[in-house]
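# Structural overview
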Amino acid sequence: MYIRNIKEKKMELRQQNREFRRSLSAETKSVLDRAILKKVLSLREYEQADVVYTYVSKAEETDTIALIHTALREGKVVAVPRCLPETTSMEFLEISSLDDLERGTYGVLEPIPGKCPPVREAKNAFCVVPGLCFDSKGYRLGYGKGYYDRFLSEFRGFTVGLCYSGCIRWNLPHGYYDRPVDVLITEKFIRRIAHGSPRR
């Protein structure tokens, strides 16, 4: 019963946050996205990053396209995930422009295999983590496939969650092994998360 209730709660939250994002006008979304990007670029961890790991946003998601353009222009390595459905894992490949992308798993733009080289985690790695919503402690509600959960369990770089303030929740259900982001950014604030225990 408990597990079923958790699953039902997550389904309800996913629906609520999808509806909120779809309710934003193009003009409002653009204003919010610019405010979020400005805060991302202000982070010292971004400035010091050699490699920027980021998903390629879909129309209703917090925009990452402008971040990709900026990072490439600044000479950073941009690493974009390609999903491997047979293992529900991801590989990150380096792109040099948006022309290196094609429509892949779940309709998301992904690097073209063979054209884009694999990326090894750098000392100063910065990862933008997707989520339908985040809570005050930096935990995320993803899309339910588990790709990023698996990746983050091994990733040792700096993580940042991008979210509209209308999609922030006080407390989300999460498991023992779920990892909160290091910083949560909305159009209104930058929140650094105090982790209770050191990472493995």
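## What to know about the sheet that holds strand E6 (residues 125-129)
Overall, mixed pairing links the seven strands, which are arranged E3-E2-E1-E6-E9-E11-E12 in an open sheet. Sheet topology places strand E3 (89-95) and strand E12 (190-192) at the edges, where each strand pairs with a single neighbour. Each strand axis lies, on average, 25° off the axis of its neighbour in the sheet, ignoring direction. Pairing between E6 and strand E9 (residues 158-162): four bridges, direction parallel. Note that in E9 the partner of phenylalanine 126 across the bridge is phenylalanine 158. Strands in contact with helix H2 (residues 26-42) are E6, E9, strand E11 (183-185) and E12; relative to E11, the strand with the most contacts, it is inclined by about 150°. Against the sheet, helix H4 (residues 65-73) touches strand E1 (51-53), strand E2 (77-84), E3 and E6, its axis set at about 135° to E2.

## Re the nonpolar core
Leu43, Tyr53, Phe126, Tyr148, Phe151, Val160 and Ile185 are the most contacted members of the largest nonpolar core, which totals 53 residues. Sort the elements by how many residues they give to this core and E6 lands first, with five residues. Apart from residues no more than four positions distant in its own chain, valine 160 is found in contact with Leu43, Phe126, Cys127, Val128, Val129, Val181, Val183 and Ile185.

## A word on the sheet that holds strand E8 (residues 140-141)
Spatial ordering of the open sheet is given by E8-E7-E10, a layout of three strands whose pairing is mixed. Strands at the two margins of the open sheet, each flanked by one partner only, are E8 and strand E10 (168-169).

## Digging into H2
If you check H2, its first and last C-alpha atoms are 25 Å apart, about what 17 residues at 1.5 Å a residue would give, namely 24 Å. Listed in full, the buried residues belonging to H2 are Lys29, Leu32, Asp33, Ile36, Leu37, Lys39 and Val40. Angularly, the buried residues of H2 cover 160° about the axis, an arc narrow enough to put them on a single face. Within H2, the exposed residues directed more than 90 degrees away from the buried face are Glu27, Arg34 and Lys38.

## As for the pattern of salt bridges
A pair can form between side chains of opposite charge whenever their charged atoms are brought close. The final tally for this structure, using the stated rule, is eight salt bridges. With its nearest N and O atoms 3.7 Å apart, the salt bridge here joins arginine 44 to glutamate 45. The exposure class assigned to glutamate 45 is buried, which follows from its relative accessible area of 15%. A salt bridge links glutamate 110 to arginine 82, with the nearest nitrogen and oxygen atoms 3.7 Å apart. Of this pair, glutamate 110 sits in strand E5 (residues 109-111) while arginine 82 is found in strand E2, placing the two residues 28 residues apart along the sequence.

## Some remarks on the packing of H2 against H4
One way to put it is that H2 packs onto H4 with a least axis distance of 10 Å and a crossing angle of 35°. Between H2 and H4 lies a crossing of right-handed hand. Every residue of H4 that contacts H2 at Leu37, Val40 and Leu41 is listed here: Ala66, Leu67 and Thr70. Split by residue class, the contact of H2 with H4 holds five nonpolar, one polar and no charged.

Reading the values: rules and limits
Residues numbered from 1 in each chain as written. Predicted model: local features only at pLDDT ≥ 70, side-chain atom pairs only at ≥ 80, totals over all residues. Heavy atoms only, no water. Pairing = 2+ DSSP bridges. Helix = DSSP H or I, 4+ residues; strand = E, 2+ residues; numbered from the N terminus. Axes fitted to C-alpha atoms, helices over the stretch in contact; angles between N-to-C directions. Contact = heavy atoms within 4.5 Å. Core = buried A, V, L, I, M, F, W, Y, C linked by side-chain atoms within 4.5 Å. Buried < 20%, exposed > 50% of the residue type's maximum accessible area, 1.4 Å probe, protein only. Expected span 1.5 Å × (residues − 1). Arc of directions from axis to C-beta. Salt bridge = Lys/Arg side-chain N within 4 Å of Asp/Glu carboxyl O. Left-handed = near helix turned anticlockwise from the far one by under 90°. Nonpolar A, V, L, I, M, F, W, Y, C, P; charged D, E, K, R; others polar.

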